[in-house]
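# Remarks on the overall topology
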Amino acid sequence: MAVACDSIEPLLQELVSNLRHVEEVLSFVGIYYIGKLTLSALYNVLDGMRIHVISKLFAPKLTQKYGQWAVLAGINGRIGEAFATEFARNGMNIVMLSNSLEEMKKITQKIGKEFGVETEVLQIDFCSGQPVYSNIYNSLNQKDIGILVNDCRKLVPDTNNLENISDDDLWGMVHANIGAVPAMAKIVLPGMKERKRGAIINISSIEGCSLFPFRHINPATEAFVNSFSRALDYECRFSGITIQTLLMGPVSFSADKKQLSSFISSIFIPPASTYAYHAVSTIGYSQITTGYWVHGVLVWLLKRIPESLLIWSYVLAFNFKHYQKID
Ligand SMILES: NC(=O)c1ccc[n+]([C@@H]2O[C@H](COP(=O)([O-])OP(=O)(O)OC[C@H]3O[C@@H](n4cnc5c(N)ncnc54)[C@H](OP(=O)(O)O)[C@@H]3O)[C@@H](O)[C@H]2O)c1
């Protein structure tokens, strides 16, 4: 028994001294990991300040930096009005291309009067595909297009299975949400390249960064815009043209700011005018952004949650809502 104790003691001492080495290695790993996290958080904060604060302090004159005309493709209603107002406030003339002619006319007449800029509207059904683009080309060809905002979205109600989507809706979404984005860019890019200035803003959504079972096509088209826009950005990096991917988060289209349920919800879901003001100020400062700093923080937090947890929570919530409706 005594012999066994004598032989175990040196072994334990050896083990303890080895563990000290392991402890040293682990503390180095810990210091490295915490250092990396701190540096990355610091970088994110400084980059956020550059995109959302410095950009407002040193806002360029949009007409000088990009050109005289802003084209809003498939961006009508409150969000269209908000972007058009922001560009017109900066002295840019506006062309609106969308489906609802009366709504576009109302918006352009209002901002034309308020800011004394030129405006044009063109009724386009982007779901019709290729035939509409020669008309658009003829209208834009002679203009000094400074900024194009690509935002056409045909949305269809969520369904719990793909077979319930009609063929018209399916192809409409493909033409409007996917085809219109490169097709519009292709029309304005040659002029921009010749003038060595211009910006194309492709609006996608935070939704496009993850998977949304049962919503099938719409979030997938957002992912297309995201991928296409980021690739085009690299293609145009040295041509003097800015390509920006705008990952839009929730925005309130309520006419009256007071209708927003609370101050807190208006911070997370800003009115369209607040969103457009912040988003336009980021042009030229960030190639890919949510356009609004609160949404930027939300995305940063969401990226820290395992994707499968997000997807399964969404699947459960969707099914719960769906079966409640059936009952
Ligand atoms: N609303 C939000 O809170 C929110 C949140 C995240 C991301 N987003 C993103 O923001 C974008 C717009 O969303 P939204 O809520 O404003 O959607 P929306 O109200 O349905 O707007 C879609 C736009 O596309 C136009 N459009 C639809 N079909 C068209 C067609 N066949 N031809 C021409 N124009 C057509 C509409 O113009 P007409 O009215 O003239 O048809 C409208 O201006 C999308 O990219 C969406 O993913 C929105």
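Provided above is the structure to which this section pertains.
Description of the structure in this document. All figures in this text were calculated on a predicted structure; none of them were measured in a lab. (Residues numbered from 1 in each chain as written. Predicted model: local features only at pLDDT ≥ 70, side-chain atom pairs only at ≥ 80, totals over all residues. Heavy atoms only, no water.)

### Some details on the overall build of the protein
Just so we agree on the cut-off: Here a helix means four or more residues in a row that DSSP labels H or I, a strand means two or more in a row labelled E, and each is numbered from the N terminus. Atoms counted for the radius of gyration: C-alpha only. Globule rule: 2.2 Å times residue count to the power 0.38. With a 1.4 Å probe rolled over the protein chains alone, any residue whose accessible area is under 20% of its type maximum counts as buried; one over 50% counts as exposed, and the rest are partly exposed.
Across its full length, the protein carries 11 helices and 7 strands. Taking 20 Å as the expected radius of gyration for a compact globule of 327 residues, we find that the protein reaches 26 Å, considerably beyond that expectation. Principal-axis analysis of the C-alpha atoms gives the protein an extent of 100 × 55 × 40 Å. Taking all 327 residues of the protein together, the buried fraction comes to 42%.

### With respect to the site of the ligand
This is how it is decided: Neighbouring residues are identified by heavy atoms, a residue being near a molecule or strand if any of them is within 4 Å of it. Under this definition, polar contacts are N or O atom pairs within 3.5 Å; protein pairs additionally need one hydrogen-donor-capable and one acceptor-capable atom, and for neighbouring residues in sequence, both atoms have to be side-chain atoms. Accessible surface is estimated by sampling points in the Shrake-Rupley manner with a 1.4 Å probe; for residues, cover comes only from the protein chains shown. As defined here, a cavity is a set of points on a 1 Å grid over the protein atoms alone where a 1.4 Å probe fits but cannot get out. A pocket is an open set with protein on both sides within 12 Å along at least five of seven lines, and residues line them when an atom is within 4 Å of a point. For a molecule to be placed in a cavity or pocket, more than half of its atoms must lie within 2 Å of the grid points of that cavity or pocket.
The local shell around the ligand holds 23 residues, among which Asn-76, Ser-98, Ser-100, Asp-125 and Glu-222 are the closest. Asn-76 has a polar backbone atom sitting 2.7 Å from an oxygen atom of the ligand. For the ligand, a nitrogen atom lies 2.7 Å from a polar atom in the side chain of Asp-125. Protein contacts shield 78% of the accessible area of the ligand, which totals 870 Å² for the unbound molecule. Here the ligand is seated within the second largest pocket.

### Some remarks on the layout of surface pockets
What counts is decided by this rule: Grid points are joined across faces, edges and corners, and a volume is the space filled by probe spheres set on the points. Residue type decides the class: Asp, Glu, Lys and Arg count as charged, Ala, Val, Leu, Ile, Met, Phe, Trp, Tyr, Cys and Pro as nonpolar, and the leftover types, Gly among them, as polar.
Space inside the largest pocket adds up to approximately 1200 Å³. In this structure, the largest pocket is lined by 39 residues; those nearest its centre are Gly-296, Val-297, Val-299, Trp-300 and Lys-303. Here the lining of the largest pocket takes 11 residues from helix α1 (residues 2-57), the largest share from any one element. When its residues are assigned to classes, the lining of the largest pocket shows 22 nonpolar, 10 polar and 7 charged. Here the second largest pocket defines a volume of roughly 850 Å³. Asp-151, Arg-153, Leu-155, Glu-222 and Phe-253 are, among the 37 residues lining the second largest pocket, the residues nearest its centre. Here the lining of the second largest pocket gets 4 residues from one element, more than from any other, and that element is helix α10 (residues 293-302).

### Examining helix α5 (residues 133-140)
The condition that has to hold: The directions considered for the arc are those from the helix axis to the C-beta atoms. We call two residues in contact when some of their heavy atoms are within 4.5 Å.
Along α5, the residues that are buried comprise Tyr-133, Ile-136 and Leu-140. Axial view of α5: buried residues confined to an arc of 60°, hence all on one face. Contacts from the buried residues of α5 go to β1 (69-73), β2 (93-98), β3 (119-123), β4 (145-150) and α6 (167-195).

### Let's talk about the sheet that holds β4
Put simply, the rule reads: Any two strands between which DSSP finds at least two bridges are classified as paired. Working convention: axes come from line fits to C-alpha atoms, limited for helices to the stretch in contact. Angles between N-to-C directions cover 0 to 180 degrees.
Pairing is parallel in the open sheet, where 7 strands are placed in the order β3-β2-β1-β4-β5-β6-β7. Edge strands, defined here as strands with exactly one partner in the open sheet, are β3 and β7 (288-289). Of the strands in this sheet, β2 and β3 are in contact with helix α4 (residues 101-115), which crosses β3 at around 175°. Where helix α7 (residues 217-236) meets the sheet, its contacts fall on β5 (198-205), β6 (241-248) and β7, and the angle it forms with β6 comes to roughly 160°.

### Describing the packing of aromatic side chains
The relative placement of two aromatic rings is captured by the distance of their centres and the angle of their planes. To be explicit about the condition: Between the rings of Phe, Tyr and Trp (Trp by its six-membered ring), a pair exists once the centres lie within 6.5 Å; its type follows the angle of the planes, with under 30 degrees stacked, over 60 edge-to-face, and the other angles tilted. Both a distance and an angle decide whether a charge sits over a ring: NZ of Lys or CZ of Arg must be within 6 Å of the ring centre and within 35 degrees of the ring normal.
Applying the stated rule across the entire model yields 7 aromatic pairs. Arranged with centres 6.2 Å apart and planes meeting at 40°, the rings of Phe-126 and Tyr-133 form a pair that is tilted. Take Phe-126 and Tyr-133: they sit in the same class, and that class is buried. Seen from their ring centres, Tyr-314 and Phe-318 are 6.2 Å apart, and the 40° between their planes marks the pair as tilted. Of this pair, Tyr-314 and Phe-318 both sit in helix α11 (residues 307-326), 4 residues apart, roughly one helical turn. Taken as a pair, Tyr-314 and Phe-318 share a single burial class, namely buried. Ring-pair connections join several aromatic residues into one group, and the members of that group are Phe-212, Phe-214, Tyr-314 and Phe-318. Over the ring of Trp-69 we find Lys-143; its NZ or CZ atom is 5.0 Å from the centre of that ring. The ring of Tyr-234 has Arg-237 lying over it, and the distance from NZ or CZ to the ring centre is 4.6 Å.

### Focus on the nonpolar core
Note the following rule: We call a set of buried residues a nonpolar core when its members are Ala, Val, Leu, Ile, Met, Phe, Trp, Tyr or Cys and they connect through side-chain atoms within 4.5 Å of each other.
Ranked by internal contacts, the top residues of the largest apolar core, which has 34 residues, are Leu-72, Phe-83, Phe-87, Ile-94, Ile-147 and Tyr-275. A total of 6 residues in this core trace back to one element, the largest contributor, which is helix α3 (residues 77-89). The residues contacting Ile-94, other than those within four sequence positions of it, are Trp-69, Ala-70, Leu-72, Ala-84, Phe-87, Ala-88, Ile-111, Glu-118, Thr-119 and Glu-120. Counting 32 residues, the second-largest nonpolar core is a separate cluster that includes Leu-122, Leu-148, Met-184 and Cys-236.

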